[in-house]
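Each chain, letter by letter, is given below.
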Amino acid sequence: MYIVCITGASGAIYGIRLIEELKKRTGSPITLIMSRWGLQVIINEVDPQYRRKIMKLIDQYYIDTELDAEIASGGSKFRAVIIAPCSMKTLSDIAHGRASNLITRVTDVALKENRKVIIVPRETPIDYIHIRNMLLAKKRGITIIQPSPAFYNKPQTIEDIVNHIIGKILDHLEIEHNLYRPWRMMRGHGTDKNEEY
Ligand SMILES: Cc1cc2nc3c(=O)[nH]c(=O)nc-3n(C[C@H](O)[C@H](O)[C@H](O)COP(=O)(O)O)c2cc1C
């Protein structure tokens, strides 16, 4: 089972596309946890039809106040927790081990049980404290995948840009995919003096 958490940072689409790809490529059960502000942002950013479609793909759904959920215990055998997008507030909580809601609690559980935690922190620009919290999160063993897409693939759509980040998450979960094309230098690239830029 994978646990996908959506918090109140912009970019709910990352969590949604991740759920679609995890379901398609692993068939594993998926639990979705939404924070109060995650719900607010998703309503603003994502089309209602698409939201309904995603709810049909998940196996369990919680809001972050449900701390008595089974997954809040180390006895629950989930594989990984992915927080996408991750707000600076949730980043701060997980950097400091503050398990005050179900999202930060399952993160704590995953870390103490040596399971994978991936976050997609989203804010710009970032302040000193955000950088320090990322450092603390990294020291706790959390994988940080910023939503910074590459442009060598020449993305044409928002989906192309989002897919690159979802592909990076799947790479770290060791799940095969074809969501982005890895960089490969083209023969002669950069040597043609007559090429127009
Ligand atoms: C429309 C909207 C967009 C937001 N975008 C961000 C963002 O990109 N990054 C961020 O750290 N906080 C953002 N926030 C603020 C968070 O929602 C707020 O800090 C909240 O307390 C996060 O709580 P949560 O982590 O429990 O979801 C946004 C809020 C709103 C209403």
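Scroll up a little and you will see the structure.
An account of the accompanying structure is given in this report.

Thresholds, definitions, all that
Residues numbered from 1 in each chain as written. Predicted model: local features only at pLDDT ≥ 70, side-chain atom pairs only at ≥ 80, totals over all residues. Heavy atoms only, no water. Helix = DSSP H or I, 4+ residues; strand = E, 2+ residues; numbered from the N terminus. Buried < 20%, exposed > 50% of the residue type's maximum accessible area, 1.4 Å probe, protein only. Lys, Arg positive; Asp, Glu negative; His and termini not counted. Charge placed at Lys NZ, Arg CZ, Asp CG, Glu CD. Patch = residues over 30% accessible without salt bridge, like charges linked within 9 Å, V, L, I, M, F, W, Y side chains within 5 Å. Areas by Shrake-Rupley, 256 points an atom, 1.4 Å probe, with all protein chains shown as cover. Salt bridge = Lys/Arg side-chain N within 4 Å of Asp/Glu carboxyl O. Axes fitted to C-alpha atoms, helices over the stretch in contact; angles between N-to-C directions. Parallel < 35°, antiparallel > 145°, perpendicular 65-115°, else oblique. Left-handed = near helix turned anticlockwise from the far one by under 90°. Contact = heavy atoms within 4.5 Å. Nonpolar A, V, L, I, M, F, W, Y, C, P; charged D, E, K, R; others polar. Phe/Tyr/Trp six-rings, centres within 6.5 Å; stacked < 30°, edge-to-face > 60°. Lys NZ or Arg CZ within 6 Å of the ring centre and 35° of its normal.

1. Quick look at the overall build of the protein
The helix and strand inventory of the protein stands at seven helices and six strands. Seen in sequence order, the protein has helices and strands lined up from the N terminus as β-α-β-α-α-β-β-α-α-β-α-β-α. When its C-alpha atoms are laid out on the principal axes, the protein stretches across 65 × 40 × 30 Å. Looking at the 197 residues of the protein, the share that counts as buried comes to 47%. Seen as two clouds, the 28 positive and the 22 negative side-chain charges of the protein have centres 3 Å apart.

2. Quick look at a nonpolar patch on the surface
A surface patch of nonpolar side chains, about 300 Å² in accessible area, is lined by L39, M55, Y61 and I63. Of note, L39 is situated in helix α2 (residues 36–45). For L39, a relative accessible area of 31% gives the class partly exposed.

3. Re the packing of helix α1 (residues 12–26) against helix α3 (residues 48–57)
Direction vectors running N to C along α1 and α3 enclose 40°, while the axes themselves pass 10 Å from each other. By the angle between their directions, the pair α1 and α3 is classed as oblique. As α1 packs across α3, the resulting crossing turns out to be left-handed. Two secondary-structure elements touch here, α1 through I13, I16, R17, I19, E20 and K23 and α3 through Y50, K53, I54 and L57. Partitioning the contact of α1 with α3 into residue classes produces six nonpolar, no polar and four charged.

4. Looking at the packing of aromatic side chains
Applying the stated criterion to the full structure yields one aromatic pair. Between the aromatic rings of Y152 and W183, the centroid separation amounts to 5.4 Å while the plane-to-plane angle is 65°, which identifies the pairing as edge-to-face. Of the two residues, Y152 sits in the loop between β6 (143–144) and α7 (158–172) while W183 sits in the segment after α7, which places them 31 residues apart along the sequence. Classification of Y152 by relative accessible area gives partly exposed; the value is 29%. Stacked on the ring of W37, the Lys or Arg R36 has its end atom at 4.6 Å from the ring centre. One residue, R115, lies across the ring of F78, its end atom 4.8 Å from the ring centre.

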